[in-house]
Every structure is written in C-alpha cells, then in structure tokens.
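Single-letter residue listing:
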Amino acid sequence: MMGGRIGRVAVVCCALFGIGIGPVVALQAGTASATTPIPEVAPYFETTATHSGNLATAIASHGLRSFTAAFVLGKGCTATWDDGSTITGTDARSKLVKAGQTSGATAIISFGGEFGAELAKTCTNVTSLVTAYTGVINKFGVSKIDFDVEGTTALNDTATNTRRYTAIRSLEQKFPKLEVSLTIPVGLSGFNANPTYGNAVAFLKLAKTTNTRIDVFNIMTMNYGSAVANMGTAATTAARDSMAQIKSIWPADGYKNLGITPMIGENDSAGETFTYNNSQAVVVFAHNNGVHRLAFWSLNRDQKCTGETPPGPCTGLTQQPLDFIDGFLN
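Reading the values: rules and limits
- Residues numbered from 1 in each chain as written.
- Predicted model: local features only at pLDDT ≥ 70, side-chain atom pairs only at ≥ 80, totals over all residues.
- Heavy atoms only, no water.
- Helix = DSSP H or I, 4+ residues; strand = E, 2+ residues; numbered from the N terminus.
- Buried < 20%, exposed > 50% of the residue type's maximum accessible area, 1.4 Å probe, protein only.
- Disulfide = S-S within 2.5 Å.
- 1 Å grid on protein atoms, 1.4 Å probe; cavity = no way out; pocket = protein on both sides within 12 Å on 5 of 7 lines; lining within 4 Å.
- Points joined across faces, edges and corners; volume = space filled by probe spheres on them.
- Nonpolar A, V, L, I, M, F, W, Y, C, P; charged D, E, K, R; others polar.
- Polar contact = N/O pair within 3.5 Å; in protein donor to acceptor, adjacent residues only side chain to side chain.
- Salt bridge = Lys/Arg side-chain N within 4 Å of Asp/Glu carboxyl O.
- Lys, Arg positive; Asp, Glu negative; His and termini not counted.
- Expected span 1.5 Å × (residues − 1).
- Contact = heavy atoms within 4.5 Å.
- Pairing = 2+ DSSP bridges.
- Right-handed = clockwise from strand over helix to strand, strands pointing away.
- pLDDT = per-residue confidence, 0-100.
- Phe/Tyr/Trp six-rings, centres within 6.5 Å; stacked < 30°, edge-to-face > 60°.
- Lys NZ or Arg CZ within 6 Å of the ring centre and 35° of its normal.

Participant: Can you walk me through the overall build of the protein in this structure?
Facilitator: When its secondary structure is counted, the protein shows 10 helices and 12 strands. Counting across all 330 residues of the protein, residues that qualify as buried make up 54%.

As structure tokens, this is what we get:
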C-alpha cells in the first residue's frame, strides 16, 4: 500500500475541500533524519469496481509507482477475483493489473478483504493452498503479497489462520525475497483483544508462535464504529498504539514494519470523514517516523461524486480527480 516524493516541507492546500478541514499541516525541517526511509505509497485498487481507469491515470500523470490489487478470494483451491471470476492471468481484471505493471508500477497482490472467503478458508489442504498462492504470484511476477484479514469470524478462525501462516512460511521458503504484509483492523487505541469484535492481538500472536515472518503490519485506520472528530489524529494515535503492541510481540520491529491505510472521504461508518487535510497529517507522521507503507481505500474512489452516492464509488468531498494520490505522493 512506491515512490513517495514528499520533501522536508509539505504545504497543504485545503481550499478544495469543505468538510472537516483543520489547521494546515506542514513537515518541519529537520524532524526526519536524512536516513529515514520514504514510505511506499500503494493505494488499494479494486479490479472489479467502477472507475478502473484511475489506475492508468495515476501512474501516467500523477507519478504513482505502486498499487495494491484487491482482492483475491477462493473457490475451493482456485483463485478468483472478488466478483467470483477465475484468475487466469489473461482475464479482464488481470489485464488491468498487468497494464499497471507494464506502465512501471509495482503491484502488491492482496488476498482476502471484508467480504468473501479467502483461499486459506476455501482450500483446506496446505499443499494445494501453497500451490494456489504460488500460481497467483507467478501469474503476476510479484514480490509483494498482502493478506487482508478483517471481521470477527475471520480474525477468530484459528484453523484457517494457522493454515494461512503455514502456507506463508512455505511461500517464504520458495520465494526468499517475498515481502508479506498483514492488513488488520484497529480501534482508536490499536489492535483489539476482545474476541467479540475479532481478536486481532491473538491473530498476531499466532503468527509469532508459529514462527511466521511478517514484514509489514498494515493497519486499517477506519471504521471505528462511532463518530470521530479528527480522522487524521485518530489514525496517527492508532498507529502509535499499534506500534507499541507490535513491539511487545516482536521487540526488534519498528515503524519500518508498519503500514497505515485510511478510507478516504466519507467512510462507511457513520460520522467518519477522512479529509485531504487529515491525509496530510498522516503523511507527515509517516515520513517523520519512517513508516514503511502508506495506502488508502481506494484508488477507484479518489474523485468527487457525480450522480453517485458515497461512500461507494466516490469520496463525497469536493475535489479534483486523484487529489488524494497527489497529497500522498507530493
């Protein structure tokens, strides 16, 4: 979720947006060291959604250098897109991803998502599961994969999660340079530990106890379940608290192992609107702390609504197309 191009000072122009705009945020000179890595910017791109042309435009005209292709699900041990169509590598959805790669952008393939059954759920034989994951990796020639695990049922499904971690370990042996990220929901104070809402802490500890290497913990800073006055502050606070929880399990990890993924514009949780100015607060935080990845849901939605109803295919904000991409990259 990459080629961020932000400098030491970022000037935020908020005139475009009329919802929830707070003070202008700027990077302060000297707050990040010269060796602090620049975050990888890889917004989610839903291959089966409307406004699929946004990917090509973002790459060709806005400097996007990475994207996260979503979502891969499963029918038995056959990999599908989230509309149920089989991933052949030459299907219409795959062609969108490959066109982005041909244009110079790095693709991260994301398995899972909020709806539908991920391969580790539908394919119960570990050998066949590894084969299915391997097939997707080879079809797109990717070196980065993501597992989006959210919802109470998915987070609490120990059998499926153990099977997935077993498969991940096999993939890391087959592809030594493979980067693996977990995309996980967080609350305002970090990862939830209550099984009633999906025990994300137990999910992470299972990775540790099974000795599964996770390179990036990508937190979903969205859908908190109640109105949030400042979604930028909520995201950075959740990032700090999540980082503390990660370090309690993996003491050697740091922000270089963290990703942050908000949902731009009007969220599908009432009372949550992530504005352009909120995005700049997150960008500043990410650059100052050396966060590994910045993403958002979704590239398809990065535009105002024209006869459409948010939060589906648009942000619900007054904006120019791909303003959020520009804000994350510049």
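Back to the text.
Participant: Could you clarify how one ought to interpret the state of the cysteines in this entry?
Facilitator: Here a disulfide denotes one covalent bond, and it connects the sulfur atoms of two cysteines. All told, the structure shown has 2 disulfides when counted by the stated rule. Taken in N- to C-terminal order, the disulfide-linked cysteines of the protein are connected 1-2, 3-4.

Participant: I would appreciate a short explanation of the layout of surface pockets in the present structure.
Facilitator: To find the voids left in a structure, one rolls a probe of water-molecule size over its atoms. Quantified by volume, the largest pocket comes out at close to 900 Å³. Taken together, 40 residues form the lining of the largest pocket, with Glu114, Glu150, Met222, Asn223 and Asp268 sitting closest to its centre. Listed by contribution, the elements that provide at least two residues to the lining of the largest pocket are strand S2 (44-46), strand S3 (66-75), helix H5 (152-156) and strand S7 (179-185). Counted by class, the lining of the largest pocket contains 17 nonpolar, 16 polar and 7 charged residues. In this structure, the second largest pocket spans a volume of roughly 220 Å³. If you trace the second largest pocket, you find 16 residues lining it, with Gly116, Ala117, Glu118, Lys121 and Ala154 closest to the centre. Secondary structure elements with two or more residues in the lining of the second largest pocket: H5 and helix H6 (158-174). The element that contributes the greatest number of residues to the lining of the second largest pocket is H6, accounting for 3 residues. Of the residues in the lining of the second largest pocket, the class split is 3 nonpolar, 6 polar and 7 charged.

Participant: What is the right way to read the side chain of Gln280 from this model?
Facilitator: Within the element layout of this structure, Gln280 appears in helix H9 (residues 276-289). In this structure the side chain of Gln280 is engaged in a polar contact, spanning 3.4 Å, whose partner is the side chain of Ser279.

Participant: Please clarify how the environment of Lys98 should be interpreted in this entry.
Facilitator: Mapped onto the secondary structure, Lys98 falls in helix H2 (residues 92-102). Classification of Lys98 as partly exposed rests on a relative accessible area of 30%. Through-space distance from the C-alpha of Lys98 to that of Phe140 is 7.0 Å; in sequence the pair is 42 residues apart. Looking at Lys98, its side chain comes within polar contact range of the main-chain oxygen of Gly89, at 3.2 Å. In this structure the side chain of Lys98 is engaged in a polar contact, spanning 3.2 Å, whose partner is the backbone oxygen of Lys139.

Participant: What should I look at first to understand the pattern of salt bridges in this one?
Facilitator: Opposite charge on two side chains lets them pair, provided their charged atoms get close. Overall, the coordinates contain 8 salt bridges when judged by the stated rule. For Lys144, the salt bridge identified is with Glu40, shortest N-O distance 2.3 Å. Taken together, the residues span a long stretch of sequence, with Lys144 in strand S6 (residues 144-148) and Glu40 in strand S1 (residues 40-41) at a distance of 104 residues. There is no split in this pair, since Lys144 and Glu40 are both buried. If you follow the salt bridges from partner to partner, you end up with Glu40, Lys144, Glu179 and Arg293 in one network.

Participant: Got a minute to help me understand the side chain of Arg301 in this structure?
Facilitator: Mapped onto the elements, Arg301 comes out in the loop between strand S12 (293-294) and helix H10 (323-329). No salt bridge is formed by the buried Arg301. Its closest oppositely charged neighbour is Glu266, at 7.3 Å. A distance of 3.4 Å separates the side chain of Arg301 from the backbone oxygen of Trp297, its partner in a polar contact.

Participant: Can you help me understand helix H8 (residues 231-249) in this one?
Facilitator: For an α-helix the count is 3.6 residues per turn, leaving residues at separations of three or four pointing the same way. With 19 residues, H8 should reach 27 Å at 1.5 Å per residue; the first-to-last C-alpha distance of 27 Å fits that figure. Listed in full, the buried residues belonging to H8 are Met231, Gly232, Ala234, Ala235, Thr236, Ala238, Ala239, Ser242, Met243, Ile246 and Ile249. The elements touched by buried residues of H8 are helix H7 (200-209), strand S8 (216-221), strand S9 (258-262), strand S11 (273-274) and H9. For H8, the N-terminal capping position is held by Asn230, with its side-chain oxygen 3.0 Å away from the main-chain nitrogen of Gly232.

Participant: Looking at this structure, I do not really get the pairing of S7. What am I missing?
Facilitator: For a regular strand, the rule is simple: side chains alternate between the two faces of the sheet. Across the 7 residues that make up S7, a large majority, 6, are buried. One ladder, built from 5 bridges, connects S6 with S7; its direction is parallel. Residue pairing for S7: Asp148 is matched across the bridge by Thr183. Of the strand pairs in this sheet, S7 and S8 are connected by 5 bridges, and their pairing is parallel. Its bridge partner lying in S8, Pro185 is registered against Met220. Handedness of the crossover joining S7 and S8 through H7 is recorded here as right-handed.

Participant: For this particular structure, what's the right way to read the confidence of the model for the protein?
Facilitator: Atomic detail in the predicted coordinates should be set aside for any region of low pLDDT. Model confidence for the protein is summarised by a mean pLDDT of 91, while 89% of its residues fall at 70 or above. In this model residues 1-31 is a low-confidence stretch, pLDDT under 50, and it forms 85 contacts with partners more than four residues away in sequence or in other chains.

Participant: Can you help me understand the packing of aromatic side chains in this one?
Facilitator: Geometry of an aromatic ring pair is reported as the spacing of the ring centres plus the angle between the planes. Counted by the stated rule, this structure contains 14 aromatic pairs. Geometrically, the ring pair formed by Phe111 and Phe147 is stacked, given 5.3 Å between the ring centres and 20° between the ring planes. With Phe111 in strand S5 (residues 106-112) and Phe147 in strand S6, this pair connects stretches of sequence that are 36 residues apart. The two residues Phe111 and Phe147 agree in class, both being buried. Ring geometry for Phe217 against Trp250: centres 4.9 Å apart, planes inclined by 40°, an arrangement best described as tilted. With Phe217 in strand S8 and Trp250 in the loop between H8 and S9, this pair connects stretches of sequence that are 33 residues apart. Note on Phe217: relative accessible area 0%, which makes it buried. On the basis of relative accessibility, which here comes to 12%, the residue Trp250 falls in the buried class. By the ring-pair criterion, three or more aromatic residues cluster together here, those being Tyr276, Phe296, Phe324 and Phe328. In this structure, Lys98 packs its charged tip against the face of Phe140, placed 6.0 Å from the ring centre.

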